[in-house]
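Below are the chains, spelled out letter by letter.
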Amino acid sequence: MTISLRNRRAGAAATATALALASLAALAGTATPASASGRATATATATTATALVPASGAALKPASPAASTPPASGDPAVPAALTLPRPTGPYATGRDTLFLTDHERTDPWVPAAGARQLLVSLHYPARPGSGGDPAPYMPEAEARLMLAQRGLDDPEWPGLVAATRTFSRTDARPAPGRFPLVLLSPGFGTPRATLTGLAEELASRGYVVATADHPYESTGTELPDGRVLTCAACDEVAAQPDDAGRRKVLAAVSAGRAADFSFLLDRLTGPRPAWRHARTIDARRVGMAGHSIGGNAAASTMAADRRVDAGVNMDGTFFDPVAARGLDGRPFLMLGTDPDHAPGAGDTSWNEGWARLDGFKRWLTVRDSGHFTFTDTPAIGEQLGIVDPDAPLSAARSTTITRAYVTAFFDRSLRGRPARLLDGPTPAHPEVLFQRP
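Residues numbered from 1 in each chain as written. Predicted model: local features only at pLDDT ≥ 70, side-chain atom pairs only at ≥ 80, totals over all residues. Heavy atoms only, no water.

*Asks:* Which residues make up the overall build of the protein chain, and what values go with them?
*Replies:* Scanning the protein chain from terminus to terminus reveals 10 helices and 14 strands. In the protein chain, once contacts between residues fewer than 6 apart in sequence are set aside, the share between residues at least 24 apart is 75%. Counting every atom, the protein chain has about 16000 Å² of accessible surface; 52% of that belongs to carbon and sulfur. (Helix = DSSP H or I, 4+ residues; strand = E, 2+ residues; numbered from the N terminus. Contact = heavy atoms within 4.5 Å. Areas by Shrake-Rupley, 256 points an atom, 1.4 Å probe, with all protein chains shown as cover.)

Rendered as structure tokens:
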């Protein structure tokens, strides 16, 4: 039986976040990031109080009754533990966390907070058998706020999501050698943890991966002192009187993330690096990928910082347009939903961006996918028994496709390796369409 998401009161902050994300989806002409497993077509605006429910009428469907009601303790339909897909590369992986302060900038969303700060997860190739416990997935407070924004308020789920098993270990010793660096930026209103699976895969294949939380741009960011920052940028989007105002704020989000990543590059590759294993980074080979507005930020960062050699946009609208001059011949991959991000579809910023890209480029769309296909959300949602009939691509295929094409792109762009996967359609991935506008 198809049901609607529950719309229980989650407080003013969660409501503003939901409205802002629905506004973003309406602006983009693509799927709203309200579904736990993928796409939910949205026509909502900031005046819509039920933004968490798919406007198309295709509500999320639990795979079992336990997904629609708070599960009872010991219910066999409730998983005892969640796990990310195992990385497939030859390296073990380690993870560190950095908390950095940019004293040259004031936080753009909450100036009273003072200097801009970043929380960064660093995944890296590690020596087998070294390190301590598996790295935690995310704090429970962040999981609770993220789930509440999506209308998923079963009381056991925040603890389950927070405790999702990862495959990286704390205090692991780095593998010998120097490795390309990949920067990752999450979607608007979304914690950095939701890109952990991709980060672990890239690290297992010989990349150092730095995934940043941008404070006040997520449903919740827990700082080392226990404070939890909520989405002030979402409030700013929701407060705008029209689409033009919302687009302007979202363009500022992307441009601001470019400044965040330039600062992060300074702290990772500069003369006094902040990370204890910075010597493992080959600063001559740097790429960036992001989901949703994080994908826009990849292009914004490349336009602002010549140190970034290649970029990937995973289903993100170019609110901050691709630079009119192009990206100085640097390669770029656009990987999105189909048909929402096909040529001539609702998000015309991809057509405009494609025309401006002036290096090696690919425009790929994925059948049966949803906005969150390119994150950990399908794998976690599927284990919780949540499915979205509007995005039927399985978690296994979502993971395989995202990993395969993002890794192939960076292997080609940063390592000069052959990447036949990018040459055209393949029977191994029939869902992936090569767009040639």
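*Asks:* Break down the nonpolar core for me, citing the residues and quoting the values.
*Replies:* Core analysis: the largest hydrophobic core is formed by 39 residues, its most contacted members being Val120, Leu181, Leu183, Leu264, Leu268, Trp275 and Phe332. Aside from chain neighbours lying at most four places away, what touches Leu183 is Ala210, Phe261, Leu264, Leu265, Val286, Gly287, Met288, Ala289 and Val308. Ala310, Leu335, Ile401 and Ala419 belong to the second largest nonpolar core, which has 29 residues in total. (Core = buried A, V, L, I, M, F, W, Y, C linked by side-chain atoms within 4.5 Å. Buried < 20%, exposed > 50% of the residue type's maximum accessible area, 1.4 Å probe, protein only.)

*Asks:* Explain the pairing of strand 12 (residues 361-366) residue by residue, including any values.
*Replies:* Consecutive side chains along a regular strand alternate between the two faces of the sheet. Most of strand 12 is tucked away: six of the six residues are buried. A two-sided burial pattern is seen for strand 12, the buried positions comprising Lys361, Trp363 and Thr365 on one face and Arg362, Leu364 and Val366 on the other. Handedness of the β-α-β unit built from strand 11 (residues 332-337), helix 8 (residues 349-356) and strand 12 comes out right-handed. Taken together, the three bridges between strand 12 and strand 14 (residues 432-434) define a ladder with antiparallel strand orientation. (Right-handed = clockwise from strand over helix to strand, strands pointing away. Pairing = 2+ DSSP bridges.)

*Asks:* Can you break down the packing of helix 6 (residues 243-269) against helix 7 (residues 293-304) residue by residue, with the values?
*Replies:* Direction vectors running N to C along helix 6 and helix 7 enclose 55°, while the axes themselves pass 8 Å from each other. By the angle between their directions, the pair helix 6 and helix 7 is classed as oblique. You can see that helix 6 and helix 7 cross each other, and the crossing is right-handed. Counting all contacts with helix 6, which are made through Leu250, Val253, Ser254, Ala255, Arg257, Ala258 and Phe261, the residues of helix 7 involved are Ile293, Gly294, Asn296, Ala297, Ser300, Thr301 and Ala304. Taken together, the residues that form the contact of helix 6 with helix 7 break down as eight nonpolar, five polar and one charged. (Axes fitted to C-alpha atoms, helices over the stretch in contact; angles between N-to-C directions. Parallel < 35°, antiparallel > 145°, perpendicular 65-115°, else oblique. Left-handed = near helix turned anticlockwise from the far one by under 90°. Nonpolar A, V, L, I, M, F, W, Y, C, P; charged D, E, K, R; others polar.)

*Asks:* Tell me about the packing of helix 4 (residues 196-204) against helix 10 (residues 395-415), residues and numbers included.
*Replies:* Two elements in contact, helix 4 and helix 10, have axes separated by 11 Å at closest approach and are oriented at 45°. The angle between helix 4 and helix 10 places the two elements in the oblique class. Here helix 4 and helix 10 pass one another in a crossing that is right-handed. Here Gly197, Leu198, Glu201 and Leu202 of helix 4 lie close against helix 10, whose contacting residues are Arg403, Val406, Thr407 and Phe410. Partitioning the contact of helix 4 with helix 10 into residue classes produces four nonpolar, two polar and two charged.

*Asks:* Can you lay out the packing of aromatic side chains for me, pointing to particular residues and giving the numbers?
*Replies:* All told, the structure shown has eight aromatic pairs when counted by the stated rule. When the centroid spacing of 6.4 Å and the interplanar angle of 50° are considered together, the rings of Phe318 and Trp350 count as tilted. Within this pair, whereas Phe318 is found in the loop between strand 10 (310-314) and strand 11, its partner Trp350 is found in helix 8, the two being separated by 32 residues in sequence. This pair shows no difference in class: Phe318 is buried, exactly as Trp350 is. Connected via pairs of aromatic rings, a cluster forms that spans Phe318, Phe332, Trp350, Trp354 and Trp363. (Phe/Tyr/Trp six-rings, centres within 6.5 Å; stacked < 30°, edge-to-face > 60°.)

*Asks:* Quick rundown of the sheet that holds strand 6 (residues 208-213)? Include the residues and the values.
*Replies:* Spatially, the 10 strands line up as an open sheet ordered 4-2-3-6-5-9-10-11-12-14, and their pairing is mixed. Across the chains shown, the open sheet's two edge strands, defined by having one partner strand only, are strand 4 (168-170) and strand 14. Taken over all neighbouring pairs, the strand axes of this sheet differ in orientation by 25° on average, direction set aside. Pairing of strand 2 (residues 92-106) with strand 3 (residues 115-126), which is carried by 12 bridges, proceeds in the antiparallel orientation. Looking at strand 3, one finds that Thr101 is bridged to Gln117. Taken strand by strand, helix 7 contacts strand 5 (179-185), strand 9 (281-291), strand 10 and strand 11, and its axis lies near 140° from that of strand 9.

*Asks:* Got a sec to walk through unusual backbone geometry? Specific residues and values, please.
*Replies:* The step from Asp338 to Pro339 runs through a cis peptide bond, and the omega angle for that step is 10°. Tracing the sequence through the fold places Pro339 in the loop between strand 11 and helix 8. Backbone geometry places Tyr216, a non-glycine residue, at a positive phi of 70°. By the secondary structure assignment, Tyr216 is in the loop between strand 6 and strand 7 (221-222). For Tyr216, a relative accessible area of 12% gives the class buried. Phi angles above zero are rare outside glycine, and Asp328 is one such case at about 60°.

*Asks:* I'd love a proper account of the state of the cysteines, names of residues and values included.
*Replies:* Taken as a whole, this structure holds one disulfide when the rule is applied. For Cys231, the disulfide goes to Cys234, at an S-S distance of 2.1 Å. On the sign convention where negative is left-handed, the bridge of Cys231 and Cys234, at about 70° about the S-S bond, is right-handed. (Disulfide = S-S within 2.5 Å.)

*Asks:* Please provide a residue-by-residue account of the pairing of strand 6, values included.
*Replies:* Across the six residues of strand 6, six count as buried, placing the element largely inside the fold. Neither face of strand 6 is exposed, since Val208, Ala210 and Ala212 on one face and Val209, Thr211 and Asp213 on the opposite face are all buried. Examined bridge by bridge, strand 3 and strand 6 share five bridges and lie antiparallel to one another. For His123, the partnering residue across the bridge sits in strand 6 and is Val209. By the bridge criterion, four bridges tie strand 5 to strand 6 in an arrangement that is parallel. Across the sheet, Leu184 pairs through a bridge with Thr211, a residue of strand 6. The β-α-β motif built from strand 5, the intervening helix 4 and the parallel element strand 6 has right-handed crossover chirality.

*Asks:* Run through the pattern of salt bridges, naming residues and quoting values.
*Replies:* Under the defined criterion, the tally for this structure stands at 22 salt bridges. Residues Asp243 and Arg246 are paired through a salt bridge, measuring 2.6 Å at the closest nitrogen-oxygen approach. Of this pair, Asp243 and Arg246 are both found in helix 6, three residues apart, which corresponds to roughly one turn of the helix. With relative accessibility at 40%, the residue Asp243 sits in the partly exposed group. What makes Arg246 buried here is its relative accessible area of 6%. Three or more residues are tied together by salt bridges with common partners; here these are Asp102, Arg105, Asp107, Arg116, Glu217, Arg257 and Asp260. (Salt bridge = Lys/Arg side-chain N within 4 Å of Asp/Glu carboxyl O.)

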